[in-house]
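Report on the structure
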Amino acid sequence: MRKAYIVLALAGLLVHNETNAQTRADKRVARQLKEDITYLASDELEGRRVGSEGERKAAAYIEKRYKELGLSGYKGKYQHEFPYIDGRKIEDATQIKLGNDLLRITEEAFPFAFSANKKAYGEVIPDVFESGNIWMISMYADKEEAADAHFEWEKKAYERAREAQKQGATGVLFYDNFNSKYTPVYNSKSEYETLEIPVGFLNFNAYQTYTPKFKDRNELPVEMNVLLKRSELTGHNITAFIDNKAWHTVVLGAHYDHLGYGHDGNSLHAAKDGQVHNGADDNASGTAGLMQLAEWIKRNKLRNYNYLFISFSGEEEGLIGSKAIVRDMGFDSTRIAYMINMDMVGRLNDSTHALTIGGVGTSPAWAQFTKPKNFKISVDSSGAGPSDHTSFYRAGVPVLFVFTGLHTDYHKPSDDAEKLNYDGETQVLRYVYNIVEQMDKQPKPKFKTTKEATVGKVRFKVTLGIMPDYSFQEGGVKVDGVTDGKPAIKAGIKAGDIITQLGSHKVNGMQTYMEALGAFKEGDKTEVTIIRGEDEIKLPIEFK
Ligand SMILES: [Zn+2]
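None of these values were measured; they are calculated from a predicted model.

So, the sheet that holds strand E4 (residues 109–111)
Pairing in this open sheet of 4 strands is mixed, and the strands run E4-E8-E7-E6 from one edge to the other. Since the sheet does not close on itself, it has two edges, and those belong to E4 and strand E6 (134–138), each with one partner. Averaged over all pairs of adjacent strands, the angle between strand axes in this sheet comes to 20°, irrespective of strand direction. The sheet contact formed by E4 and strand E8 (residues 199–202) spans 3 bridges and is antiparallel. Opposite Phe 110, over in E8, you have Phe 201 as the bridge partner. Sheet strands touched by helix H4 (residues 153–166): E6, strand E7 (171–175) and E8. Its angle to E7, the strand with the most contacts, is close to 145°.

Structure representation (structure tokens):
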């Protein structure tokens, strides 16, 4: 009896020590996460926008950390650059003149980003439209439109300018004579395709200041000279690699870029007051988590796969970095065992313990991980989702996506380090590590395609069944992926092809592509023109 009691006491002591050790280890992990995230999400890094100084500082920090962990880069380097087109920038040569007055560009007037790089001159009467002359058009039909926060001024301007172009206008200058609170501002990221005439905007103050001078003459000498240039930035993906000389490689990833000062369209901060979007949860949490996984995988000597860690940039601008690395690295998807992506893993809710796992349908191997004891898992089977795993899924790689859920600070300056649940993130990382550890003992998981959400496609009578590359801006629509059973795949269209014509409809970009689609109905047969490499190919296609 005494002996049994001693054994029990010893066993209890052992368990107690072990739990203590684990708790101490967890505390250390949480401390390191806090240190990394606090720096990455600091104002000093200015919201880590792709191609910015803040991104470069973050990249240097992550590279330094990987070095401290004794990990080398991939293919001989840590940082892998990729080009990024950051919209169209107004060049200094751009001028808008009323009479002899040269207007201040941006403060008083600006060209729309879909304007042609052209000159035009005309003696103009506002709202009198003659072919062969510049048209001056009131931006708003009435004061109600001017007072409407949701008035789609860019769409309206584009459609009216395109109409004016058709009717022979040599240029268009919109003006605000209602002093709208929501006055248009230059949008470098405009998705509207470039027109063939110069198009500009005159704000209320400028209209008030300069146009009265010509009241007596009734005609306004207007001169426009527009020069816009694509602004090219360089983004940096950061890699670390454990080369076990294995045939297959596991990719673990997390994007580290964020929204900078929120000047792109994807900030949810209504004020638009240029605050730093710190992006602690999105996605400094995943970035720090990835470094922790690297430490564990290295220390525990997982050997049956090579392990490639990638901190992506350009995710917020449309998965630019992950697409680039899949494209440029010439990844042979048959040599990538699987990919796990962590995006926003820092706000685990301590009472619900809710955790979303995406991509579960991309391999039968994943079902074994969807019922952990300490999390309430919600499963999303689709391989295509709002983050970088999509780029790997499109390349035929089984993927998993880990996410603690949205919150009210999402895409706002208030997504700060002090709001994160570091102990919770430590538990999430232990869960992810456990998947990797289990998979290290299993063969490469089989790949399965998954159904894709059809949000936003229902308004057309027909679809081609392609996933467009929204970041492609070089004329036509670039195909990112094709869906099984749909007209595109049946016609032989492949990922990478560029669609330039549908039937008789020229396709210059998403806009004209959607208009072309709208012209067809179920059962229609036509021809699609694509560019593949150097070749232009015409393929018969049937919509059904
Ligand atoms: Zn994110």
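Describing the coordination of the zinc ion
Every protein donor of the zinc ion is listed here as His 255 (NE2), Asp 282 (OD), Asp 343 (OD) and Asp 343 (OD), and their distances to the metal cover 2.0 to 2.6 Å. Geometry at the zinc ion is irregular, judged from its 4 donor atoms and the angles of 51 to 141° they form at the metal. Overall, Asp 282 belongs to the buried group, its relative accessible area being 2%.

Let's talk about the confidence of the model for the chain
Residues at a pLDDT of 70 or more form 96% of the chain, whose mean pLDDT is 90. A low-confidence stretch, residues 454–458 (pLDDT under 50), is modelled with 1 contact involving residues beyond four sequence positions or located in other chains.

As for the pairing of strand E5 (residues 119–124)
Every second residue of E5 is oriented toward a common face, the buried set being Ala 120, Gly 122 and Val 124 and the non-buried set Lys 119, Tyr 121 and Glu 123. Where E5 meets strand E9 (residues 220–225), 6 bridges bridge the pair, whose relative direction is antiparallel. Across the sheet, the residue bridging to Glu 123 is Pro 221, located in E9.

Points about the side chain of His 407
Looking at the secondary structure, you find His 407 in the loop between strand E16 (399–403) and helix H9 (422–439). On the basis of relative accessibility, which here comes to 16%, the residue His 407 falls in the buried class. When neighbours within four sequence positions are excluded, His 407 is seen to be in contact with Asp 281, Met 344, Arg 347 and Asp 415.

Reading the values: the criteria
- Residues numbered from 1 in each chain as written.
- Predicted model: local features only at pLDDT ≥ 70, side-chain atom pairs only at ≥ 80, totals over all residues.
- Heavy atoms only, no water.
- Pairing = 2+ DSSP bridges.
- Helix = DSSP H or I, 4+ residues; strand = E, 2+ residues; numbered from the N terminus.
- Axes fitted to C-alpha atoms, helices over the stretch in contact; angles between N-to-C directions.
- Contact = heavy atoms within 4.5 Å.
- Donors = N, O, S within 2.8 Å, 3.2 Å for Na, K, Ca; no water.
- Tetrahedral: all angles 85-135°; square planar, octahedral: opposite > 155°, others 65-115°.
- Buried < 20%, exposed > 50% of the residue type's maximum accessible area, 1.4 Å probe, protein only.
- pLDDT = per-residue confidence, 0-100.

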